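Structure at a glance
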Amino acid sequence: MPFITIKDVTLHYKLSGPRKGAPVLVFSNSLGTDFRIWDAVARAFAPSHTVLLYDKRGHGLSELGTAPATIASHAADLAGLMDALGLGPAAICGLSVGGMIAQALAAARPDLVRALILCDTAPKIGTPESWNTRIAAIAQDGLSSLLDPVMERWFTPAFRRADNPDYAGYRMMFARQSGEGYAATCAAIRDADLTEEARCIAVPTLCVVGDQDGSTPPDLVAAMAALIPGARYEVISGAGHIPCVEQPAALIALMRDFLAGLRPAADDRYAQGMETRRAVLGDAHVERANAQTTDFDRPFQQLITEGAWGTVWSRDTLSRRDRSLLTLALLAALNQHDEFAMHVRATANTGATREDVREMLLHVAIYAGVPAANHAIKLAKKAYEQMDGVAAV
């Protein structure tokens, strides 16, 4: 279990997925939960994204740290964690108070934020009176006194069945949180108003809410979306306050569609393309291609850098391994021999193994013909021999 100390607090976190060149996706969870609420969603994105989960201070296995906690200090914790791990800019997905932390991070450290996914949250949640009542109840009767009313706001009646083991598990997750950490975060939410910060958000933003959310109902989330320039607003049916638990497939689909649209701006596409091209093909190959470029083929080089590498290869939806295998299959089927050998050599950077390529060529043999696959196998064997020769030097 990885832990890291950021200033006054030791945080528990989990990092998964490819690191080299992959887009970064960061999740910040809700009040009274730990990062396991994201398990299903994180698994879906780990093949194509570097995924960071963490327990905010006072929750899960993270320390509470120095009191008082504020939304600003929570955002500073996340910024410190991302800086320490060398992550960013990232798409930040925050739920409830995690969404407030995401908004505060975008305001304080815009260099770390590529996009926002704000789930069941708002710039301001509840009233001082409601939070003070909750804090007093914890002080008098403990966190368990809030269990049933919180579950009613979190989950739909269909989920809150006695025979649902998942519901029993999430009740236990809540009951085992730190009462002190929960109360401190209640006070942080009580004292926060991010309305002006929301109006100034300048990155693509997706706002999502469960249709039966009892904590941050759809009208509240819709009002937040209206504040954020260009924000997209979506409602997930059959979900309460925690759609990533009740309706993970629906949330994943919305996130995939949103993230796939995060293309570089036209004037950034060439730079993005060169970065991706170098990551996949290697610096030496790109330097050779650049050195051989003349005025005659310079427009073509710009076209493939922006169109292939800056657009298709830079999309978040598929991993570079998957794109590598798809490219090899198409090149083999179309008998594009020079390009095929080049992309075999690129598997050293994309993560596609020799076993992956072998299995892909079996599919080529069935669906595109044995002669095409046979010749591609010869090219692959020669490319691997060259790669092994280089590696042995």
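Quick note: structure is the one above.
What comes next is a walk through the structure. Sequence order sets the numbering: in each chain, residues are counted from 1 along the sequence as written. Per-residue local features are limited, in this predicted model, to residues with pLDDT of at least 70; the limit for side-chain atom pairs, both in listing and counting, is 80 or more; totals at the level of whole chains, interfaces and linings are taken over all residues. Hydrogens and waters are ignored; side-chain quantities use all the structure's heavy atoms.

**Points about the layout of surface pockets**
A cavity, in this analysis, means grid points on a 1 Å lattice covering only the protein atoms where a 1.4 Å probe fits yet has no way out; a pocket is instead an open set bounded by protein on both sides within 12 Å along at least five of seven lines, and a residue lines either one if it has an atom within 4 Å of a point. Grid points are joined across faces, edges and corners, and a volume is the space filled by probe spheres set on the points. Roughly 760 Å³ of volume is contained in the largest pocket. If you go around the largest pocket, you meet 36 residues; those closest to its centre are Gly-21, Ala-22, Pro-23, Val-24 and Arg-320. Looking at the lining of the largest pocket, the elements with two or more residues in it are strand S5 (90–95), helix H12 (266–281), helix H15 (320–333) and helix H16 (337–350). A per-class count over the lining of the largest pocket returns 14 nonpolar, ten polar and twelve charged. In this structure, the second largest pocket encloses a volume near 350 Å³. Arg-277, His-285, Ile-304, Glu-339 and Met-342 are, among the 17 residues lining the second largest pocket, the residues nearest its centre. Secondary structure counts use DSSP, requiring at least four H or I residues in a row for a helix and at least two E residues in a row for a strand, with both numbered from the N terminus. Of all the elements in the fold, those that place two or more residues in the lining of the second largest pocket are H12, helix H13 (283–292), helix H14 (298–312), H15 and H16. Classification convention: Asp, Glu, Lys, Arg as charged; Ala, Val, Leu, Ile, Met, Phe, Trp, Tyr, Cys, Pro as nonpolar; all other residues, Gly among them, as polar.

**Topic: the sheet that holds S5**
For two strands to count as paired, DSSP must find a minimum of two bridges between them. Here we have eight strands laid out as an open sheet, ordered S1-S2-S4-S3-S5-S6-S7-S8, and mixed in their pairing. At either end of the open sheet lies a strand with only one pairing partner, and these are strand S1 (3–6) and strand S8 (232–236). Neighbour-to-neighbour, the strand axes of this sheet turn through a mean angle of 25 degrees, independent of strand direction. With four bridges joining them, strand S2 (residues 9–16) and strand S4 (residues 50–54) adopt antiparallel strand pairing. Looking at S4, one finds that Tyr-13 is bridged to Tyr-54. Every axis corresponds to a line fitted to the C-alpha atoms, with the helix fit spanning only the stretch in contact, and the corresponding angles, defined between N-to-C directions, vary from 0 to 180 degrees.

**Description of the packing of aromatic side chains**
Stacked, tilted and edge-to-face are the three classes assigned to paired rings of Phe, Tyr and Trp, where Trp is represented by its six-membered ring and a pair needs centres within 6.5 Å; plane angles under 30 degrees give stacked, over 60 edge-to-face, the rest tilted. Enumeration according to the criterion identifies nine aromatic pairs in this entry. Summarising the aromatic geometry, the rings of Phe-174 and Tyr-182 are spaced 5.5 Å apart at their centres and angled 85 degrees between planes, so their arrangement reads as edge-to-face. Here Phe-174 matches Tyr-182 in class, with each residue buried. Among the aromatic residues, those joined into a cluster by ring pairs are Trp-154, Phe-155, Phe-159, Tyr-167, Tyr-170, Phe-174 and Tyr-182. Distance and angle both matter: a charge sits over a ring if NZ of Lys or CZ of Arg is within 6 Å of the ring centre and within 35 degrees of the ring normal. One residue, Arg-256, lies across the ring of Phe-45, its end atom 5.0 Å from the ring centre. Any residue under 20% of the maximum accessible area for its type is buried, any over 50% is exposed, and the rest in between are partly exposed; the area is computed with a 1.4 Å probe on protein chains only.

**Comments concerning the pairing of S1**
What you see with S1 is a clean split: Ile-4 and Ile-6 sit on the buried side and Phe-3 and Thr-5 on the side with no burial. For S1 and S2, the ladder comprises four bridges, and the chain directions are antiparallel. Note that in S2 the partner of Ile-6 across the bridge is Val-9. A loop of two residues connects S1 with S2, the two strands running antiparallel in sequence, and Lys-7 in this loop sits at a positive phi of about 55 degrees.

Structural measurements only, silent on function.
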